[in-house]
Amino acid sequence: MGRVVVKGRQAEANAYVPLPIRDGVSPSYLWLTETRAGGMLRFLAERYPDVSREAWAARLARGEIVDAKGAALGPDSHVRQGMRIWYYRELEQAETPIPFHEQVLFRDQHILVADKPHFLPTIPTGRFLKETLLVRLKRAHDLPHLVPIHRLDRETAGVVIFSHNPDSRGAYQSMFQKRVVKKTYEALAPMMAGREFPFTYRSRMQDAEQFFVSEEVEGEPNSETLIELIERRGNLARYRLHPHTGRKHQLRLHLSRLGAPIVNDAFYPVALPCKGDDFRSPLQLLARSIAFDDPLSGQPRSFCSDFSLDWP
């Protein structure tokens, strides 16, 4: 079956993948770290309690859970330490369709650059599987080896770079590891009083007790953002943001701590109870552009989003 990405990781370069990509969704795998009695059905039901026992039984009956050689596993199959089992991730409930569409800005034999709309996750996660940018692009363009080189929050729109050639993927991944990619964002937020622009904001960030948000703490800064003012309309402003680091929710937290939380941010300064998506009120944060020198050709490349922010 060749190479695929499973659980956000690339399989070994020449690894045999016993299940094909199905409707744009790559198979996932699980290494078993212990030997258990009771059979495979019992193990899966205990390992993934959010999935019903009946659902696992049905998937086993359809032959959709296999071992590393592609042999279908049954309810009573042995569970042995060191095994690797393959399966398709499924959702118990139907996904909510995301009524916004991505665009492809560029594609060559190595990379694909997409323009992601608000609300669309970059990769499968949580309650989203097919309604994700990665799966949509795989299905639409028949690119089984497609992998995001970086990611955007689901709430953020803008430019995302993908690799679809495993042989050159490392060269593009190294750009982000070396921080030689220039990323520019735009945001709508309250006007910051008493500030001279541009200025740089630094702080130390870490995961908060609520795992889905970040917080600032005392200590040596590990996050840095250059902030420019583009325009002002009444009490709101449009800012250009240059993150020199890539911490989780860095731009959202930095602006919030500066007294200018981004318009329609449901996480900062206070994480609001989840009431479902309000497609009328997207987070006013946009990954406007990405620029870099191509690691293979040396040519300068720059890609800009066609989306725009909505003034209230």
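Only a predicted model underlies this, so the values are computations on that prediction, with no experimental measurement involved.

If you tally the helices and strands in the protein, you get 5 helices and 15 strands. If you line up the protein on its principal axes, its C-alpha atoms span 70 × 45 × 40 Å. Taken across its 312 residues, the protein has 48% of its residues classed as buried. Put simply, 62% of the contacts in the protein that link residues at least 6 apart link residues at least 24 apart. With the model as given, the accessible surface of the protein reaches about 16100 Å², and the carbon-plus-sulfur share is 47%. In the protein, 43 positive and 38 negative side-chain charges are present, and the distance between their average locations comes to 2 Å.

Next up on the list: the domain arrangement of the protein. The extent of an interface is frequently quoted as the accessible surface area lost upon association of the parts. Assigned domains of the protein: these are domain 1 (9-87) and domain 2 (103-304). A C-alpha centroid distance of 34 Å is found between domain 1 and domain 2. Taken together, the contacts link 6 residues of domain 1 with 8 residues of domain 2. Taking both sides of the interface into account, the surface hidden between domain 1 and domain 2 amounts to around 610 Å²; carbon and sulfur atoms contribute 53%. At the junction of domain 1 and domain 2, the tally comes to 2 salt bridges. Scanning the region where domain 1 abuts domain 2 turns up 3 residue pairs in polar contact (both at pLDDT 80 or more).

Another point: the pattern of salt bridges. Per the stated rule, a full pass over the model turns up 28 salt bridges. With a closest N to O distance of 2.9 Å, Arg136 and Glu131 form a salt bridge. Through salt bridges with shared partners, a single ionic network connects Arg22, Arg59, Arg62, Glu64 and Glu90.

In this numbering, the UniProt entry assigns the feature "domain: Pseudouridine synthase RsuA/RluA-like" (unreviewed entry) to residues 110-256. Secondary structure within residues 110-256 divides into 17% helix and 38% strand; the distance between the first and last C-alpha atoms comes to 38 Å.

Attention shifts here to the nonpolar core. If you look at the biggest cluster of nonpolar residues, it comprises 33 residues, and the most contacted ones within it are Phe162, Met192, Ile227, Tyr239, Leu241, Leu255 and Leu285. Contributions of two or more residues to this core are made by strand 6 (111-116), helix 3 (133-141), strand 8 (157-163), strand 9 (182-190), strand 10 (199-207), strand 13 (236-243), helix 5 (250-257) and strand 14 (285-293). Those residues in contact with Leu255 that sit more than four places away from it in its chain are Ala187, Ala189, Met192, Ile227, Tyr239, Leu241, Ala260, Pro261 and Ile262. Ala55, Trp56, Ile85 and Tyr87 belong to the second largest nonpolar core, which has 17 residues in total.

Take the packing of helix 1 (residues 39-47) against helix 2 (residues 53-61) next. Running from N to C, helix 1 and helix 2 point in directions that differ by 135°, and their axes come no closer than 9 Å. One element, helix 1, and the other, helix 2, form an angle in the oblique class. Helix 2 is crossed by helix 1, and the crossing has right-handed handedness. Of the residues in helix 2, those in contact with Met40, Leu41, Arg42, Leu44 and Ala45 of helix 1 are Arg53, Trp56, Ala57 and Leu60. Split into classes, the residues belonging to the contact of helix 1 with helix 2 amount to 7 nonpolar, no polar and 2 charged.

Cut-off values and rules
Residues numbered from 1 in each chain as written. Predicted model: local features only at pLDDT ≥ 70, side-chain atom pairs only at ≥ 80, totals over all residues. Heavy atoms only, no water. Helix = DSSP H or I, 4+ residues; strand = E, 2+ residues; numbered from the N terminus. Buried < 20%, exposed > 50% of the residue type's maximum accessible area, 1.4 Å probe, protein only. Contact = heavy atoms within 4.5 Å. Areas by Shrake-Rupley, 256 points an atom, 1.4 Å probe, with all protein chains shown as cover. Lys, Arg positive; Asp, Glu negative; His and termini not counted. Charge placed at Lys NZ, Arg CZ, Asp CG, Glu CD. Domains from an automatic or database assignment. Buried area = accessible area lost by both parts, 1.4 Å probe. Salt bridge = Lys/Arg side-chain N within 4 Å of Asp/Glu carboxyl O. Polar contact = N/O pair within 3.5 Å; in protein donor to acceptor, adjacent residues only side chain to side chain. UniProt positions renumbered as here; feature names shortened; annotations may be inferred. Core = buried A, V, L, I, M, F, W, Y, C linked by side-chain atoms within 4.5 Å. Axes fitted to C-alpha atoms, helices over the stretch in contact; angles between N-to-C directions. Parallel < 35°, antiparallel > 145°, perpendicular 65-115°, else oblique. Left-handed = near helix turned anticlockwise from the far one by under 90°. Nonpolar A, V, L, I, M, F, W, Y, C, P; charged D, E, K, R; others polar.

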